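# Examination of the molecular architecture
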Number of protein chains: 4
Amino acid sequence: MIKVAVLGAKGKMGSQTCQAVEAAEDCELVAALDQGDELTRLTEAGAQVVVDFTRPEVVMGNLAWCIEHGIHAVVGTTGFDEERLATLRTQLEASPGTGVLIAANFSIGAVLMMQFAAQAARYYESVEIIELHHPDKVDAPSGTARRTAELIAEARREAGAGSIPDATSTGLDGARGADVDGIRVHGVRLRGLVAHQEVLFGDTGETLTIRHDSMHRESFMAGVLLGVRRIVDTPGLTVGLEHFLDLS
Amino acid sequence: MIKVAVLGAKGKMGSQTCQAVEAAEDCELVAALDQGDELTRLTEAGAQVVVDFTRPEVVMGNLAWCIEHGIHAVVGTTGFDEERLATLRTQLEASPGTGVLIAANFSIGAVLMMQFAAQAARYYESVEIIELHHPDKVDAPSGTARRTAELIAEARREAGAGSIPDATSTGLDGARGADVDGIRVHGVRLRGLVAHQEVLFGDTGETLTIRHDSMHRESFMAGVLLGVRRIVDTPGLTVGLEHFLDLS
Amino acid sequence: MIKVAVLGAKGKMGSQTCQAVEAAEDCELVAALDQGDELTRLTEAGAQVVVDFTRPEVVMGNLAWCIEHGIHAVVGTTGFDEERLATLRTQLEASPGTGVLIAANFSIGAVLMMQFAAQAARYYESVEIIELHHPDKVDAPSGTARRTAELIAEARREAGAGSIPDATSTGLDGARGADVDGIRVHGVRLRGLVAHQEVLFGDTGETLTIRHDSMHRESFMAGVLLGVRRIVDTPGLTVGLEHFLDLS
Amino acid sequence: MIKVAVLGAKGKMGSQTCQAVEAAEDCELVAALDQGDELTRLTEAGAQVVVDFTRPEVVMGNLAWCIEHGIHAVVGTTGFDEERLATLRTQLEASPGTGVLIAANFSIGAVLMMQFAAQAARYYESVEIIELHHPDKVDAPSGTARRTAELIAEARREAGAGSIPDATSTGLDGARGADVDGIRVHGVRLRGLVAHQEVLFGDTGETLTIRHDSMHRESFMAGVLLGVRRIVDTPGLTVGLEHFLDLS
């Protein structure tokens, strides 16, 4: 039984996490804190792992306290840059045995899609990304699409791949999508959709398509629980859920 | 047995048409003309229908001659504007019983896709188009995608549909595709593809997708033969293969 | 303002309908009845249209009463056979001006998919259906898939289409799906899915795919409201929502 | 420059290989042998690598000769069982430095699809396979689909995954596809298709789809050339092109 506490327990992701922890056979929800609650309740409850879905302004304070008290952390809060990660690494050095996972995306499917896309990238002359979301989304392309494009571009550079063929010489603005690190990315917005992405690879006579469809926030919980189960045996800082997937 | 002649018989579409006519059980290829051949060979051979895949500079002369001699025509040559169509109508009035089909697209599948898209348009809040082609294509979006967008936009206007929802306020140029008559169109270019298009409709809790994949020029022949078989009983000018499809 | 009453208002579809009627600008919910409530409340409330999502055992009684009192009905309750439909026709003859719509499927998208499939059927040598649902579904293939197959088979027969090519001579049981009226139907069951269907048409060098994805019961409400708005002007019996779609 | 010879050079795959080798900048075609030609021509031409697309009856003789003369081999000929592989291993022990690649599938895309499917298998409750081919194919399901199912089943067993959920209790024979090692496999046959496969994974609220579309035999050549380039540095026996893909 892993004793788990949730920070930001009243938020959308936090409350979903509370439910998921309670439903998991190998986990026990020992504390559910939100704004105004004292962190000392974590130690009182004997929490081994904290799941943090709070806000950029408070997450560093939360983590400093947890690391100091030897509590592992699985963090979905956004806003981590190199400076923050460096700070965490220093704090973790002083608390050997404690682990922190910082993950921008807890969807195992999205992480698999990105990993597979990076693996396939070197084998195809062409690649493009189509992301499809509900029409209330304010940014285009999506963060996942941008990150996927960057991973693909990096893999192509490492493999010495040339530029992607494109003879377009006439047309309408925007028809060929956005350019993210040399990769074309198209954002579709459609009522009825939630969050979806397709990565299309093509070469002479064949194409390979990797598609992820995410319909519910609930789908992130498998990733959160994977993080909880693995962080207890993974001291130090881990950035990205992909490090906890076995892709051999 | 319909006696068919082909003009532009040495071109890609023309030679394919010759083969298709010869293979059809109810058609007979009686003449295959190309640049420099005399049109009188059409009457000598007793041609009932001419299939014209020539060039904009010569097609009007070909058609004037055919209409005058009471030979029906199925025309895939491009470059028809309202003025040319008016000229043909006048010529056809003087030759009652003769029929001419002008078609920009002989792919029955593409025509069905466009018709279905126009029919579905009024029932969905959201709609976008993704066209996908080989990377040697010079224009984006494709002519078929533009035409589909126009048909959808027209159907939405007729139905009094409001504007399509889109909360995008931040992002990269081009991420949301090109705007064709208020419809977002995305052009993908990928080695290994030929000519493909997806029309995506979405409303609360559901989506409808119509996709056409065209792999070979051979796929246009069913449409050419449909035109040949129907034009013999359809006097006057017909613009668009959709008029020969039974969509009741 | 159309005055609408709901029968079976506490059921899943009924309660959804109550919400949809209340949200619609041109409709007013005047009564929400369930088991044990008196039908006289319908006339007291001045209901013009009743939406019936009850049970096969009670629906015929409900409809007899409504027709007698000149209240139109939109019916999603199941269990209608030819005998029941004949009974309704007789009752409606005695109440000219009253309309009843019996619909097995209120998903406009599903109805469009079926109509488009029937229209495309005559133009393609090959056709197969893939339906995909959540793994808790007890029947395979789905009712919608069966109905789609029947419509396609009928359209092919009318067009004099030959049998669908299939050289399969060796393999595993079930690999080629179920046979519904000569059409191959495949049922996929996958956690994370709701209700989806793809109809694939193929001929030399091209394929046409029509796909419908249904994610929420909410998506049926557009069809229910369409039924309500149209039934007030459509006296007599109408079987199938497709008759209220404009597909010209 | 790698000096390459082709055995079975007049066959479909062999002649395609000759063209691909000639087109490759780092390879030179030094011999193209077919039935009746002497293997001594291989040494005369200085062949470093042989590509064998012959027949099961002759391939073991070809390989024995090549291994004896220190010529590496890339083999697409079918019919290898454990006994034959054991024979090759023994022969290769006597010729250290010589490498032989036996590959059932030279499509890099198909191999990637299978590898990704095996990697994803442990993370999803549900999985099914849909393979889609032209209607002249005699077996169903395809060999690639069977192999994919076996790899997925193996990965699930290793991960201790339970059985796949399926509540189907009523329906038509074949509706749920064929059972390959506990994995449901559906075979679609459609005019206009070539060789395609989709692997669908599903879990609460999300799905992951990996699709490979193969349109031309030409698409196998990238895999053949990869084999040629890697086998010169890979002594001993390698079974399966996946060992030459970098999937880290």
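The rules behind these values
Residues numbered from 1 in each chain as written. Chains lettered and ligands numbered in written order. Predicted model: local features only at pLDDT ≥ 70, side-chain atom pairs only at ≥ 80, totals over all residues. Heavy atoms only, no water. UniProt positions renumbered as here; feature names shortened; annotations may be inferred. Helix = DSSP H or I, 4+ residues; strand = E, 2+ residues; numbered from the N terminus. Contact = heavy atoms within 4.5 Å. Polar contact = N/O pair within 3.5 Å; in protein donor to acceptor, adjacent residues only side chain to side chain. Salt bridge = Lys/Arg side-chain N within 4 Å of Asp/Glu carboxyl O. Buried < 20%, exposed > 50% of the residue type's maximum accessible area, 1.4 Å probe, protein only. Expected span 1.5 Å × (residues − 1). Buried area = accessible area lost by both parts, 1.4 Å probe. Nonpolar A, V, L, I, M, F, W, Y, C, P; charged D, E, K, R; others polar. Pairing = 2+ DSSP bridges. 1 Å grid on protein atoms, 1.4 Å probe; cavity = no way out; pocket = protein on both sides within 12 Å on 5 of 7 lines; lining within 4 Å. Points joined across faces, edges and corners; volume = space filled by probe spheres on them. Least-squares fit on C-alpha atoms with pLDDT ≥ 70 in both. Right-handed = clockwise from strand over helix to strand, strands pointing away. Axes fitted to C-alpha atoms, helices over the stretch in contact; angles between N-to-C directions. Phe/Tyr/Trp six-rings, centres within 6.5 Å; stacked < 30°, edge-to-face > 60°. Lys NZ or Arg CZ within 6 Å of the ring centre and 35° of its normal.

### Side note on the UniProt feature "binding site: (S)-2,3,4,5-tetrahydrodipicolinate" (unreviewed entry) in chain A
Residue and element names in this part refer to chain A.
- Here the UniProt feature "binding site: (S)-2,3,4,5-tetrahydrodipicolinate" (unreviewed entry) sits at H134, G143 and T144.
- Mapped onto the secondary structure, H134 falls in the loop between β6 (126-133) and β7 (139-140).
- Tracing the backbone shows T144 in helix α6 (residues 143-158).
- Discounting chain neighbours no more than four positions away, the residues touching T144 are N105, M113, M114 and Q197.
- A distance of 3.4 Å separates a polar atom in the side chain of T144 from a polar atom in the side chain of N105.

### Some points on unusual backbone geometry
- The amide bond that connects A140 of chain B to the next residue, P141 of chain B, takes the cis arrangement and shows omega of 0 degrees.
- Here P141 of chain B is to be found in the loop between β7 (139-140) and α6 (143-158).
- Despite not being glycine, D181 of chain A shows a phi value in the positive range, around 60 degrees.
- With respect to the secondary-structure elements, D181 of chain A resides in the loop between β9 (178-180) and β10 (183-189).

### Things to note about the pattern of salt bridges
- Evaluated as defined, the whole model comprises 56 salt bridges over all chains.
- R41 of chain A serves as the salt-bridge partner of D37 of chain A, at 3.6 Å between the closest nitrogen and oxygen.
- Judged by relative accessible area, which is 33%, D37 of chain A ranks as partly exposed.
- Here the salt bridges do not stand alone but share partners, grouping E125 of chain A together with D136 and R191 of chain B into one network.

### Thoughts on the UniProt feature "domain: Dihydrodipicolinate reductase N-terminal" (unreviewed entry) in chain A
- The UniProt feature table records "domain: Dihydrodipicolinate reductase N-terminal" (unreviewed entry) at residues 2-106 of chain A.
- Regarding residues 2-106 of chain A, the helix share stands at 40% and the strand share at 24%, and the terminal C-alpha atoms are separated by 19 Å.

### Overview of helix α1 (residues 12-23) of chain B
Residues and elements named next belong to chain B.
- Between its first and last C-alpha atoms α1 spans 17 Å; for twelve residues at 1.5 Å apiece the expected length is 16 Å, and the two agree.
- What α1 keeps buried is the set M13, G14, Q16, T17, C18, A20 and V21.
- Where α1 is buried, its residues touch β1 (2-7), β2 (27-33), β3 (49-52) and α7 (221-231).

### Digging into the interface of chain C and chain D
- Counting residues at the interface gives 47 residues for chain C and 47 residues for chain D.
- Carbon and sulfur atoms make up 62% of the surface buried where chain C meets chain D, a total of about 3300 Å² over both sides.
- Broken down residue by residue, the surface that chain C buries against chain D is led by L172, L190 and R191 of chain C, which jointly contribute 18%.
- Connecting chain C to chain D are two salt bridges.
- The shortest N-O distance in the salt bridge between E125 of chain D and R191 of chain C comes to 2.9 Å.
- Of the residues belonging to the side of chain C that touches chain D, the class tally is 19 nonpolar, 14 polar and 14 charged.
- For strand β8 (residues 170-171) of chain C and strand β7 (residues 139-140) of chain D, the ladder comprises two bridges, and the chain directions are parallel. Bridging across to β7 of chain D, G171 of chain C finds its partner in A140 of chain D.

### Digging into empty space enclosed by the protein
- Enumeration over the complete set of coordinates arrives at one cavity of 30 Å³ or more.
- What the largest cavity holds in volume is close to 1100 Å³.
- Tallied by class, residues from the lining of the largest cavity come to 24 nonpolar, 13 polar and twelve charged.

### Remarks on the relation of the copies chain C and chain D
- Between chain C and chain D, the superposition needs a rotation of 180 degrees and an axial shift of 0.0 Å, giving an RMSD of 0.0 Å. Such values leave the two copies arranged in the relation of a two-fold axis. The rotation axis passes nearest to the C-alpha of G174 of chain C in chain C, at a distance of 1.8 Å.

### Some thoughts on the side chain of N105 of chain C
- As for its placement among the helices and strands, N105 of chain C is situated in the loop between β5 (99-102) and α5 (108-120).
- Polar contacts involving the side chain of N105 of chain C include one to the main-chain amide nitrogen of S107 of chain C, which spans 3.0 Å.

### Points about the pairing of strand β2 (residues 27-33) of chain D
Residues and elements named next belong to chain D.
- Where strand β1 (residues 2-7) lies against β2, six bridges are found, and the strand directions are parallel. Its bridge partner being in β2, A5 is matched across the sheet by A31.
- Between the parallel pair β1 and β2, the chain is carried across by helix α1 (residues 12-23), and the sense of this crossover is right-handed.

### Regarding the sheet that holds strand β4 (residues 72-75) of chain C
All names here are of chain C.
- Pairing is parallel across the open sheet formed by six strands, whose spatial order is β2-β1-β3-β4-β5-β13. If you trace the sheet from one side to the other, it starts and ends with β2 (27-33) and β13 (236-239), each paired once. Sheet twist, expressed as the mean angle between neighbouring strand axes with direction ignored, is 20 degrees.
- Packed on one face of the sheet, helix α1 (residues 12-23) meets β1 (2-7), β2 and β3 (49-52) and runs near 155 degrees to β2.
- Sitting on the sheet, helix α4 (residues 82-93) is in contact with β5 and β13, with an inclination near 150 degrees to β13.

### Comments concerning the packing of aromatic side chains
- The tally for this structure, following the rule as stated, stands at ten aromatic pairs over all chains.
- Measuring from centroid to centroid gives 5.5 Å for Y124 of chain B and F201 of chain B, while their planes differ by 35 degrees, and the two rings are tilted. Of this pair, Y124 of chain B sits in the loop between α5 (108-120) and β6 (126-133) while F201 of chain B sits in strand β11 (residues 195-203), and the two are 77 residues apart along the sequence.
- When the ring of F53 of chain D is compared with that of F106 of chain D, the centres are 5.7 Å apart and the planes differ by 65 degrees; the resulting orientation is edge-to-face. A residue pair is termed long-range when its members are at least 10 positions apart, and F53 of chain D in the loop between β3 (49-52) and α3 (56-68) and F106 of chain D in the loop between β5 (99-102) and α5 (108-120) qualify at 53 residues. Residue F53 of chain D shares its accessibility class with F106 of chain D, and that shared class is buried.
- The ring of F80 of chain C is capped by R84 of chain C, whose NZ or CZ atom sits 6.0 Å from the centre of that ring.

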